[in-house]
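Structural features, examined
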Amino acid sequence: MRDINSLNKVILIGRLGAKPELRYLPQKERAVARFTLATNERYFNPSTNQSDLRTEWHRVVAWGKLGEFCDKYLTQGKQVYLEGKLRTRSWQGKDGNKRSTTEIEAQTVILLGRREEAV
């Protein structure tokens, strides 16, 4: 049952750090693409009296047809609009320690900029 007073939504506009890595899950032949997206924000640094740029890196995962789309059309430096939701997953590492990560599960990816643009 969905709590009517909650929302898990992420909206980002940024540039790809590298071409997505596509693989297929063996049991269902379902595509999954993983990539990183950088967003920048300008902030004022009072110690230097200048504005500086802060970059935040986001880990993104896209499933199925969207994952295949990302693999086909996204390249390093490409600017995209992305909508999705936060997902946290856990696993046990080879050293036996429990690990976890939070990623953005993409639901919508829209290419921005000109076609020939790939910084």
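An account of the accompanying structure is given in this report. (Residues numbered from 1 in each chain as written. Predicted model: local features only at pLDDT ≥ 70, side-chain atom pairs only at ≥ 80, totals over all residues. Heavy atoms only, no water.)

**Remarks on the overall build of the chain**
Scanning the chain for helices and strands turns up one helix and six strands. If you list the helices and strands of the chain from N to C, you get β-β-β-β-α-β-β. Over its C-alpha atoms the chain spans a radius of gyration of 17 Å, topping by over 25% the 14 Å that the globule rule assigns to 119 residues. Scored against the burial criterion, the 119 residues of the chain give a buried share of 32%. Counted over contacts in the chain with a minimum sequence separation of 6, partners at least 24 positions apart contribute 58%. Here the chain has roughly 8800 Å² of accessible surface; of this, 48% comes from carbon and sulfur atoms. The distance from the centre of the 22 positive side-chain charges to the centre of the 14 negative ones in the chain is 3 Å. (Helix = DSSP H or I, 4+ residues; strand = E, 2+ residues; numbered from the N terminus. Rg over C-alpha atoms; globule rule 2.2 N^0.38 Å. Buried < 20%, exposed > 50% of the residue type's maximum accessible area, 1.4 Å probe, protein only. Contact = heavy atoms within 4.5 Å. Areas by Shrake-Rupley, 256 points an atom, 1.4 Å probe, with all protein chains shown as cover. Lys, Arg positive; Asp, Glu negative; His and termini not counted. Charge placed at Lys NZ, Arg CZ, Asp CG, Glu CD.)

**Describing the packing of aromatic side chains**
The final tally for this structure, using the stated rule, is one aromatic pair. Relative to Tyr73, the ring of Phe69 has its centre 5.0 Å away and its plane inclined at 45°; by these criteria the two rings are tilted. Taken together, the positions of Phe69 and Tyr73, both in helix H1 (residues 64-73) and four residues apart, correspond to about one turn of that helix. Residue Phe69 is classed as partly exposed on the basis of its relative accessible area of 27%. (Phe/Tyr/Trp six-rings, centres within 6.5 Å; stacked < 30°, edge-to-face > 60°.)

**Considering H1**
Along an α-helix, residues three or four positions apart point the same way, because every turn accommodates 3.6 residues. If you check which residues of H1 are buried, you get Gly64, Leu66, Gly67 and Cys70. Each buried residue of H1 sits inside an arc of 155° when the element is viewed along its axis, so together they form one side. Among the exposed residues of H1, those oriented more than 90 degrees off its buried face are Lys65 and Lys72. Looking at the buried side of H1, the elements it contacts are strand S2 (21-25), strand S3 (30-45), strand S4 (50-63) and strand S6 (98-111). (Arc of directions from axis to C-beta.)

**Quick look at unusual backbone geometry**
Non-glycine residue Asn49 carries a positive phi angle of around 60°. By the secondary structure assignment, Asn49 is in the loop between S3 and S4. Look at Asn49 and you get exposed, because its relative accessible area is 59%.

**Remarks on the layout of surface pockets**
A volume near 170 Å³ is recorded for the largest pocket. Considering the residues around the largest pocket, the lining is formed by Ala18, Lys19, Glu21, Arg34, Phe35, Thr36, Arg59, Val60, Arg89 and Glu103. Listed by contribution, the elements that provide at least two residues to the lining of the largest pocket are S3 and S4. Broken down by element, the residue count for the lining of the largest pocket peaks at three residues, all from S3. (1 Å grid on protein atoms, 1.4 Å probe; cavity = no way out; pocket = protein on both sides within 12 Å on 5 of 7 lines; lining within 4 Å. Points joined across faces, edges and corners; volume = space filled by probe spheres on them.)

**Comments concerning the nonpolar core**
Membership of the largest hydrophobic core comes to 16 residues, with the highest contact counts inside it found for Cys70, Leu82 and Val109. Elements with a contribution of two residues or more to this core: strand S1 (10-16), S3, S4, H1, strand S5 (79-92) and S6. Aside from chain neighbours lying at most four places away, what touches Val109 is Leu66, Phe69, Cys70, Leu74, Val80, Tyr81 and Leu82. (Core = buried A, V, L, I, M, F, W, Y, C linked by side-chain atoms within 4.5 Å.)

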